[in-house]
Amino acid sequence: MELSQAITGELPIFLREHFNGMYRTDVYFISKSLADLPLFIILPFIFISIPYFAIGLNPAADRFFIASGIIILVANVASAFGKNLKKIYDYSILDITVL
């Protein structure tokens, strides 16, 4: 499920729980970001692990972990970019098309 669809799908539940005083907006955003963090670390690591050695890049461990760190950072920046686009575009059809 795309990020914009996940946020759009959770919006009615979030609004109901927020207005019932269950939690604040910042707590929701931080907890959602922390819950997604392992996904945005493990998947990019797997993504780089397979082709890195298959295409014969430098087999030194430090080079591999530098490449893994770069890919993990790029994945997290892309996630943040998607969240920001969701804030900019109010219409779910439009943001799904843009993303």
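Let me sum up the structure you'll find in this document. (Residues numbered from 1 in each chain as written. Predicted model: local features only at pLDDT ≥ 70, side-chain atom pairs only at ≥ 80, totals over all residues. Heavy atoms only, no water.)

Quick look at the packing of aromatic side chains now. The final tally for this structure, using the stated rule, is eight aromatic pairs. When the centroid spacing of 5.3 Å and the interplanar angle of 65 degrees are considered together, the rings of Phe64 and Phe65 count as edge-to-face. The class of Phe64 is buried, set by a relative accessible area of 7%. Taken together, Phe45, Tyr52, Phe53, Phe64 and Phe65 form an aromatic cluster joined through their ring pairs. (Phe/Tyr/Trp six-rings, centres within 6.5 Å; stacked < 30°, edge-to-face > 60°. Buried < 20%, exposed > 50% of the residue type's maximum accessible area, 1.4 Å probe, protein only.)

Turning to the pattern of salt bridges, a few remarks are in order. Here the structure, examined in full by the defined rule, presents one salt bridge. Across the salt bridge formed by Arg24 and Asp26, the nearest N and O atoms sit 3.1 Å from each other. Exposure remark for Arg24: the relative accessible area of 52% places this residue in the exposed category. Residue classification places Asp26 among the partly exposed positions, given a relative accessible area of 38%. (Salt bridge = Lys/Arg side-chain N within 4 Å of Asp/Glu carboxyl O.)

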